[in-house]
6 protein chains.
Amino acid sequence: MVVTFGEIMMRLAPPGFQRLLQARSLELTFGGGEANVAVSLAHLGLDTQFVTCLPLNDLGRAARMDLRKYGVGTDFVQWGGDRLGLYFLETGAINRASTVLYDRAGSAMAEVRAGSFDWERIFEGATWFHWTGITPAISEKAASMCLEAVQAAHRLGIPISTDLNFRKNLWKWGKTAGEVMPDLVQYCDLVLANEEDAEKVFGIRPAHQDITSGHLEVAGYEDVCRQLQARFPKASRIAITLRGSLNANHNTWSGVLFDGKQLFQVPTYQLTHIVDRVGGGDSFMAGLIYGLVQGFDNQQALHFATAASSLKHTIHGDFNVVSVAEVETLMKGDGSGRVNR
Amino acid sequence: MVVTFGEIMMRLAPPGFQRLLQARSLELTFGGGEANVAVSLAHLGLDTQFVTCLPLNDLGRAARMDLRKYGVGTDFVQWGGDRLGLYFLETGAINRASTVLYDRAGSAMAEVRAGSFDWERIFEGATWFHWTGITPAISEKAASMCLEAVQAAHRLGIPISTDLNFRKNLWKWGKTAGEVMPDLVQYCDLVLANEEDAEKVFGIRPAHQDITSGHLEVAGYEDVCRQLQARFPKASRIAITLRGSLNANHNTWSGVLFDGKQLFQVPTYQLTHIVDRVGGGDSFMAGLIYGLVQGFDNQQALHFATAASSLKHTIHGDFNVVSVAEVETLMKGDGSGRVNR
Amino acid sequence: MVVTFGEIMMRLAPPGFQRLLQARSLELTFGGGEANVAVSLAHLGLDTQFVTCLPLNDLGRAARMDLRKYGVGTDFVQWGGDRLGLYFLETGAINRASTVLYDRAGSAMAEVRAGSFDWERIFEGATWFHWTGITPAISEKAASMCLEAVQAAHRLGIPISTDLNFRKNLWKWGKTAGEVMPDLVQYCDLVLANEEDAEKVFGIRPAHQDITSGHLEVAGYEDVCRQLQARFPKASRIAITLRGSLNANHNTWSGVLFDGKQLFQVPTYQLTHIVDRVGGGDSFMAGLIYGLVQGFDNQQALHFATAASSLKHTIHGDFNVVSVAEVETLMKGDGSGRVNR
Amino acid sequence: MVVTFGEIMMRLAPPGFQRLLQARSLELTFGGGEANVAVSLAHLGLDTQFVTCLPLNDLGRAARMDLRKYGVGTDFVQWGGDRLGLYFLETGAINRASTVLYDRAGSAMAEVRAGSFDWERIFEGATWFHWTGITPAISEKAASMCLEAVQAAHRLGIPISTDLNFRKNLWKWGKTAGEVMPDLVQYCDLVLANEEDAEKVFGIRPAHQDITSGHLEVAGYEDVCRQLQARFPKASRIAITLRGSLNANHNTWSGVLFDGKQLFQVPTYQLTHIVDRVGGGDSFMAGLIYGLVQGFDNQQALHFATAASSLKHTIHGDFNVVSVAEVETLMKGDGSGRVNR
Amino acid sequence: MVVTFGEIMMRLAPPGFQRLLQARSLELTFGGGEANVAVSLAHLGLDTQFVTCLPLNDLGRAARMDLRKYGVGTDFVQWGGDRLGLYFLETGAINRASTVLYDRAGSAMAEVRAGSFDWERIFEGATWFHWTGITPAISEKAASMCLEAVQAAHRLGIPISTDLNFRKNLWKWGKTAGEVMPDLVQYCDLVLANEEDAEKVFGIRPAHQDITSGHLEVAGYEDVCRQLQARFPKASRIAITLRGSLNANHNTWSGVLFDGKQLFQVPTYQLTHIVDRVGGGDSFMAGLIYGLVQGFDNQQALHFATAASSLKHTIHGDFNVVSVAEVETLMKGDGSGRVNR
Amino acid sequence: MVVTFGEIMMRLAPPGFQRLLQARSLELTFGGGEANVAVSLAHLGLDTQFVTCLPLNDLGRAARMDLRKYGVGTDFVQWGGDRLGLYFLETGAINRASTVLYDRAGSAMAEVRAGSFDWERIFEGATWFHWTGITPAISEKAASMCLEAVQAAHRLGIPISTDLNFRKNLWKWGKTAGEVMPDLVQYCDLVLANEEDAEKVFGIRPAHQDITSGHLEVAGYEDVCRQLQARFPKASRIAITLRGSLNANHNTWSGVLFDGKQLFQVPTYQLTHIVDRVGGGDSFMAGLIYGLVQGFDNQQALHFATAASSLKHTIHGDFNVVSVAEVETLMKGDGSGRVNR
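I will try to describe carefully the structure that is included in this document. Everything quoted here is computed from the prediction, not taken from an experiment. (Residues numbered from 1 in each chain as written. Chains lettered and ligands numbered in written order. Predicted model: local features only at pLDDT ≥ 70, side-chain atom pairs only at ≥ 80, totals over all residues. Heavy atoms only, no water.)

Let's shift gears to the sheet that holds strand β8 (residues 99-103) of chain F. Remark on secondary structure: sheet strands pair via backbone hydrogen bonds, oriented parallel or antiparallel. Spatially, eight strands are ordered β8(C)-β7(C)-β2(C)-β3(C)-β3(F)-β2(F)-β7(F)-β8(F) in an open sheet, and the strand pairing comes out mixed. The sheet is open, and its two borders are formed by β8 (99-103) of chain C together with β8 of chain F, each paired with just one other strand. The sheet shows a mean angle of 30° between the axes of neighbouring strands, taken without regard to direction. Those strands touched by helix α2 (residues 58-69) of chain C are β2 (9-13) and β3 (25-31) of chain C together with β7 (86-90) and β8 of chain F, and its axis lies near 60° from that of β3 of chain C. Here helix α2 (residues 58-69) of chain F sits on the sheet in contact with β7 (86-90) and β8 of chain C together with β2 (9-13) and β3 (25-31) of chain F, set at roughly 60° to β3 of chain F. (Pairing = 2+ DSSP bridges. Helix = DSSP H or I, 4+ residues; strand = E, 2+ residues; numbered from the N terminus. Axes fitted to C-alpha atoms, helices over the stretch in contact; angles between N-to-C directions. Contact = heavy atoms within 4.5 Å.)

What follows is the structure, given as structure tokens:
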């Protein structure tokens, strides 16, 4: 059983490419870095539990219903707090960027009460624990709870993964990511960063990369992995997602995985007509966890993660609603998009 | 020029009679007790200004755009704070009640900074000032600002109206409506209550009324008016809206106006197929202000207010998008709904 | 084969009860008094042809496609003119009336060229001809063409029906309905009026009727029928639809048919939750023609017409999409609305 | 744990009051007599399992996801068969009836393989078993499986409930309801019928009732209960839902419960503006089971069932998405539909 | 008059790029290989008749209405059978393939009764007959009827065209395409295949082609044509559509036509932002038939077919709603997509 | 204050890539060459007034509300005339062109009465005046009024800009653009043309350009600028927008500005996934006016105009709803479309 800890938000997005200033209706789905991983894992077939706080109102109930719909266990959801975190998403096009407007201050998860989770009980039967850098960002309480969780998992010998997930607009409670994250990351076995996170959180940067240019030198990221591992020796695996943003509709997508010795690579996908890129990194993380839990070797796991997350860009919403069979078809090389009938 | 002070919120409602737990999209409009009055007055043709705080993000900008669309002046809108107040509305049917789920804690208006409004300048040229009991309910800061505004208007000799607008889920900042409202209401020239407010705020109740029965004894409300006026002698006019809730689709609707001597009454409307009853009281208030500003006598003004607000129940959204001509047609007795062509 | 002559317009209506001032999308259907009769007849199973002018652009083409979809013959549609007539419909509720905003000036049909229809050929095989008072209202050219058509049908011995269909906003080309209609109506065998038309066009009124009161004295209309027949002796049958408008959602509905001797009546339908009343009279006319063409006696034909048009009020759009079987079920007395499964 | 056995279908319905002949999109939800009971029970908070066969394609998967969303256990869902049962629903208005067009022939559930369910294991921990007369109607195989289930539950001493749910368009596999149902009903402890079922299935009818008249004599149904109990002595409780169809929008709604001695009654609800009446009887059944499982006395249980199912008529879709608190509010007499805020 | 024989299905597709697992509504259109050809021909202006079986319910009626809307003759539609064939379409993006989920087993067309069509009468006045490989795939009865039709057309000297249209998920009634198709194809004058069909049905394959690579060697298909013609000597013309699938949004598109001597070719279209590719091959077939019926030479006809079907990829739905003028504009080389105004 | 004179129309467009022939609903927005400039300027923060005639009905009122929403002043709107101009827009894809179907004959603006505008008063405080070649095209009256306006602005020394905006389907009132425009353009200080206008209006063409080829030689346009300036010596600045239409979804976009001495250029944008290109030129014009009014130098102003209008292609509707900050981000080179969060 994979346990994921974090926040699930209501996502409110104008239809199509409408701007918020134009919208007369909003599409309502749910998402958030950690919830996205939990849903992806459940949809791929793994037993999962999502640990969070939800307000006892219809927004909180709706969030739980959506998790259950995708097969995510909600046995350890705590009810309490005043509001559900929200985010507004405006989908960009060409050279107009997508925009995420967070409205999550004061959420149930940000106001989580100390001691409200019984981690010993939660981790009974757990085989993996996942959290991300968003949770400690939202409030001091959430950061404390995150540390509790990570330490409990470490104590119980459960493999721990994290996604650095740096969000500059969230770290507002008094400490910086650079001050808080090291205490948490030190317990992790698998660390995922995107092409910006390592620099923004730890000041670790690859040489000669321009992330807005659309061209990324894959090999150059080996250095980032080595630096991260040097700083967090428990992290036996470091992964980096590599997104080249040609424009809002056309990205390149790949990833690397470093096991302390070797940098595993996969070919780069051309994502030429993106449907929804939010949750792309989360679907990579889920693919990687899935692969490792299933016993794939590093190359296979990376291949699976990259293919799964490549497909995510064709799916509307935060959640990666693709099956293992679909990922495997793409891994075998059929990305032709021919009609199945 | 009529100046209105208060909060405008984004209203998010599932389409039709869907429940929040079922919704996959939300209709986005704007509303709130005070904004509804301002829009109604502007749409009826009066010069208006809406004074409020809005966050400097696209939600705040969209709220201002919607005010401007309906012709409301936004010259004195302050930009600041972290978030726009939201409310979620689920529309009921038959014996299932509509539900308002407020998500307005920490809004720009709740966090309004002392001294941020220059009331002397705002009230230049003002001929009326309107506020409601919602604003002092949302936070201590907002209550203080409300007092500032009311005192300034009083000092400048501007007629003041208020709607008691009691909301039990809002008064959470430490004081009760009963503690705060008297200081504010004492300056008012016109006080509006619905069939519950006077009791909930001041403990003043009519004899022998069951507001859920669908049958209201109009005459019995004269006593409420007298009690209110006894307590707030500056209030030369007291008005009460009278809603009989047969069920969520079928209400009766009427109102009374008391001028210290006489209780003016109007026939009761049968609202048999309600489209949207939110903002009904606000549209009555706007109708009453419109009538009084236009120099109607008390009976005419009450008639106009009741007809205008009766029509509001046929309009989707918080705002009463009806014209003076439409109100006058109904006042003349044509409520047959025959097609105009 | 029933030949109908007139205009088909694009109907643009905000969804639900939205006002035009609020609309961000419009529902696109087609309609118009004469087209509604043609579609209704075709859907009931009669062979029909609709004679009209349409502009040779995609709006005109779309209008023709919609006619064909419902089985109406379009063999005699003329292509020409500059624009398709449009109308905007705002659906009212309770005491807010529905509003039709015509935008049909300069339409292909209003600019119909003299001699553009070969009536001899059109009427080959025709067993009935129908036109309405809308066509002569829209332009002098259309009025002339209408006269041509009526005279040709008369000459060829084809039974002719008309619906007076008075529209005060249309008669703007120089003559009044009272000046133009007598020349046309004199050739008709069946004349339909609603509770207002006879007065508005010919100054013929029933005694003691208030059409906005919701209560109509059926018997009082016998006098109107007699007066009409006295004026137009060829009209062996006069029918009147009787709508009592309690409010925009709740009407009563009935009709009478006079054959020169007897006034046939039917019970009144309570239309308590109207979906769309536009086209109600047209569906009555179609029901009556259907009944007479099928050889029903007067009582049966009136019964069929009233039942069919009662059902129309439950159908969205101008067109009465109901089957003969459905009309017959209602005629047999089952208006309970129980689920068929 | 309550176990329900039956079929879940995809429900495809044109929006609003559109006819199928007009539809350009269909609203997709899920439903079916037994699934409705399971969802209702889960939403009220009981532990439930839904036992069914689903095809291993995305329609079957979507059906399972919807059950999970509402908290229904799907541990015993069998994958197999070729297609998911569908039904098309056209919502009527006034005197136009709603229409259910079944497209469920050859569904996975109709083709259920003998022995595919391990009833001993399914009923471990079960405290109630529910099935309905729809399942034996769809195919001989389903009828056999139904008998297997009922006999197993009986053998294991689990209380059994059934809803006769007669559907004339379904009994097409060779035997009639009257031939098949007695063998199944004989094992049941609680039998629910609507005002037609007992007659259509067993020829048992109340005296002097006209179900299309909108007026039902409640007391007259005691006789039906006694006749049913005489025939099926194990059925210690007989319940009848009483629907008076004034028209498609306005029904009356009540129910009676007979315990062999006494006929319990409740006041009749006026359902004046129905949102969706499909699933009304199922929500009554669920309310009754809920009440009995919770230990309510007969009068309370009937009261709960009637209130819960009254609310169902305000909810879009087959499923009764209402909470225990909402039902209790209505039971306490507040059906005024006043806004909660 | 062109006669087409086959099935028309209801097509149900989630909006945009939604997955079936996410859908809450489905867009309802109609389609199917043979219906698509008939509609395309009618829309291009040819007189057509579509011969099929439809169930006598509202789904069948709606299908016929849609055919009529596009001008297709339905004089020979047979009413009967139990259900309308359906298909669910999920639109893919980038490397996620579109998926067609057929739900057509037991359709009216699959259950067609022997002798139910009077081919002599149907073919009176016919100048062309078209059928496709889908019809014999759906059932033995349909295959038999197909043979009847082809033999009748052959006997009457009517030119016959077919599209091999291999669908692996349909051939389930006992025989393979390879066993059934030769008897049918032997009577055909024009045979169309796509880049896969000839291999899948007859085992005829081009040398060195990878259809998922996005690069097709046009010239290599001459060999396929020659092999087909060798096997079916009556087929004086063989056409092949050539689709290169770079991904689900970006295809290349071309075609070849072989007349026994020469392979006619046209330049390849870059379809960079596909709206809907379903029905692409059918629109090619219709373009080819149109050209040949109009007397175009082979090169012109191929050019017309390829241009028409290129445009199809920009049209939502199965049907190619483009005009002859639009096809000709593209044939003249203007594919710039500049706004016409 | 920037004064713009022209027409605002209702724009009615099928959703997505639907054709008019397929549409069942139309998206309602507002637009038109001059209104687009006014809205763009107001949204960028400039004080603006839009001078026009609107009919006194709900379509006219809705148009004014939309202008106000975007902050455009409507102090000088004249009410009168019979109808609001409409246009229907069908959005093309790949090699199917978008189509604008004008339905604006007889609009309030086309029927503008002489002397209805008090230009002296309108231009009080004006710092810029803008009109376009569409206004004189729609009617002789509008052309006369345009001349009045231009002469008044010239007399008062207000800088004047124009966009040639040639529309071949509009010039139908008797004179050609070539006859009318010179009198108007002679007063202008800034003239904008697209790659076709100069030729269509004045017969001035660049050497060796194929505007449908997708490749434009920027430098070649210097000659067009020189010729225009030679003919209209008051025009100290000539600008040309350069659109290369690879297909309907993928354009290149750039512009040049000539100041009599130097041709300023900017790099070409690749607009690979266009959302809506209508209003592209207008947003360029607005950007240029904004830059010049703000005191940017020619190079900066051109850069701003090109970046702003490049972003327009990502915005749904005629109006360029982008902020100065967004334009500046793109000017700084970040067109990567990375998510802002």
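Alright, that's what it looks like, and here's the rest.
What follows deals with the packing of helix α5 (residues 140-155) of chain F against helix α6 (residues 177-185) of chain F. To describe two helices that pack against each other, one gives the angle between their axes and the distance between the axes. Residues and elements named next belong to chain F. Axis separation between α5 and α6 bottoms out at 9 Å; the angle between their running directions is 20°. Of the possible angle classes, the one that applies to α5 and α6 is roughly parallel. In this structure, the crossing between α5 and α6 has a hand that is left-handed. In this structure, α5 contributes Ala 143, Cys 146, Leu 147 and Val 150 to the contact, and α6 contributes Val 180, Asp 183 and Leu 184. Classifying every residue of the contact of α5 with α6 gives six nonpolar, no polar and one charged. (Parallel < 35°, antiparallel > 145°, perpendicular 65-115°, else oblique. Left-handed = near helix turned anticlockwise from the far one by under 90°. Nonpolar A, V, L, I, M, F, W, Y, C, P; charged D, E, K, R; others polar.)

Our next topic: the pairing of strand β7 (residues 86-90) of chain A. Residue and element names in this part refer to chain A. Burial of β7 is extensive: five of the five residues sit out of reach of the surface. Of the two faces of β7, the one lined by Leu 86, Phe 88 and Glu 90 and the one lined by Tyr 87 and Leu 89 are each fully buried. Here strand β2 (residues 9-13) runs beside β7; their pairing, made up of three bridges, is parallel. Within β7, the position partnered with Leu 12 by the bridge is Phe 88. One ladder, built from five bridges, connects β7 with strand β8 (residues 99-103); its direction is antiparallel. By the bridge assignment, Phe 88 is partnered in β8 with Leu 101. (Buried < 20%, exposed > 50% of the residue type's maximum accessible area, 1.4 Å probe, protein only.)

A few words now on the relation of the copies chain A and chain F. Expressed as a screw operation, the relation of chain A to chain F combines 0.0 Å of axial shift with a rotation of 120°, fitting to an RMSD of 0.0 Å. Accordingly, the operation relating the two chain copies is best matched by a three-fold axis. Proximity to the rotation axis, assessed at the C-alpha, singles out His 273 of chain A in chain A; its C-alpha lies 4.7 Å from the axis. Of all interface residues in chain A, a mere 6% are interface residues in chain F too; the two copies therefore contact each other through different surfaces. (Least-squares fit on C-alpha atoms with pLDDT ≥ 70 in both.)

Moving on, we get to unusual backbone geometry. Residues and elements named next belong to chain C. Phi at Ile 94 is positive, roughly 45°, even though this residue is not glycine. By the secondary structure assignment, Ile 94 is in the loop between β7 and β8. Overall, Ile 94 belongs to the buried group, its relative accessible area being 1%. The backbone of Asn 165 shows a phi angle near 40°, a positive value even though the residue is not glycine. With respect to the helices, strands and loops of the structure, Asn 165 is situated in the loop between β10 (160-163) and α6 (177-185). Judged by its relative accessible area of 6%, Asn 165 falls in the buried class.

Once that is clear, we can look at the state of the cysteines. Residue and element names in this part refer to chain F. Going through the model one piece at a time under the given rule, you end up with zero disulfides over all chains. Cys 188 carries a free sulfur, and the closest cysteine sulfur to it, the one in Cys 146, is 8.7 Å from it. A residue is classified by how much of its surface remains accessible, and Cys 188, at 0% relative accessible area, is buried. (Disulfide = S-S within 2.5 Å.)

Along the chain, the position of Thr 241 of chain B falls in strand β12 (residues 237-245). Those residues in contact with Thr 241 of chain B that sit more than four places away from it in its chain are Leu 192, Ala 193, Asn 194, Glu 195, Trp 253, Ser 254, Gly 255 and Phe 284 of chain B.

With that settled, the discussion passes to the interface of chain A and chain F. Taken together, the contact pairs 32 residues of chain A with 27 residues of chain F. Together, the buried faces of chain A and chain F total about 2600 Å²; carbon and sulfur atoms form 52% of this surface. Our count for the chain A to chain F interface comes out at three salt bridges. One salt bridge in this structure joins Arg 338 of chain F and Glu 195 of chain A, with 2.2 Å as the shortest N-O distance. Our count for the chain A to chain F interface comes out at 13 residue pairs in polar contact (both at pLDDT 80 or more). Those elements that place two or more of their residues in the side of chain A that touches chain F are β8 and β12 (237-245) of chain A. (Buried area = accessible area lost by both parts, 1.4 Å probe. Salt bridge = Lys/Arg side-chain N within 4 Å of Asp/Glu carboxyl O. Polar contact = N/O pair within 3.5 Å; in protein donor to acceptor, adjacent residues only side chain to side chain.)

Within the secondary structure, Pro 159 of chain D sits in the loop between α5 (140-155) and β10 (160-163). For the pair Pro 159 of chain D and Trp 128 of chain D, spaced 31 residues apart in sequence, the C-alpha separation works out to 5.1 Å.

With that settled, consider the pattern of salt bridges. Evaluation of the coordinates by the stated rule reveals 108 salt bridges over all chains. Across the pair Asp 103 of chain B and Arg 83 of chain B runs a salt bridge whose closest N-O atoms are separated by 3.3 Å. Here Asp 103 of chain B, found in strand β8 (residues 99-103), pairs with Arg 83 of chain B, found in the loop between β6 (78-79) and β7 (86-90); they are 20 residues apart in sequence, far enough to count as distant. A single burial state applies to Asp 103 of chain B and to Arg 83 of chain B, both of which are buried. Arg 338 of chain D is the partner of Glu 196 of chain B in a salt bridge, and the nearest nitrogen-oxygen pair spans 3.8 Å. Of this pair, Glu 196 of chain B sits in the loop between β11 (190-193) and α7 (197-202) while Arg 338 of chain D sits in the segment after α11 (324-331), each in a different chain. Accessibility expressed as a relative area gives 11% for Arg 338 of chain D, which makes it buried.

All names here are of chain A. One can describe the packing of helix α1 (residues 33-44) onto helix α9 (residues 280-293) by two numbers: an axis separation of 8 Å at closest approach and a directional angle of 45°. Classified by the interaxial angle, the pair formed by α1 and α9 is oblique. α1 and α9 meet at a crossing whose hand is right-handed. Contacts between α1 and α9 involve Gly 33, Asn 36, Val 37, Ser 40, Leu 41 and Leu 44 on the former and, on the latter, Asp 282, Ser 283, Met 285, Ala 286, Ile 289 and Tyr 290. Residues of the contact of α1 with α9, tallied by class, amount to seven nonpolar, four polar and one charged.

Bringing the packing of aromatic side chains into the picture now. This structure, assessed with the given rule, holds 78 aromatic pairs over all chains. Plain terms: the ring middles of Phe 123 of chain B and Phe 129 of chain B are 5.1 Å apart, the flat faces sit at 80° to each other, and that makes the pair edge-to-face. This pair shows no difference in class: Phe 123 of chain B is buried, exactly as Phe 129 of chain B is. Ring centres of Phe 5 of chain C and Trp 119 of chain C lie 5.1 Å apart, and the angle between their planes is 90°; on these two criteria the pair is classed as edge-to-face. Of this pair, Phe 5 of chain C sits in strand β1 (residues 2-5) while Trp 119 of chain C is found in helix α3 (residues 119-122), placing the two residues 114 residues apart along the sequence. The buried category is assigned to Phe 5 of chain C, whose relative accessible area is 0%. The exposure class assigned to Trp 119 of chain C is buried, which follows from its relative accessible area of 5%. One aromatic cluster in this structure is built from Phe 5, Phe 117, Trp 119, Phe 123 and Phe 129 of chain A. (Phe/Tyr/Trp six-rings, centres within 6.5 Å; stacked < 30°, edge-to-face > 60°.)

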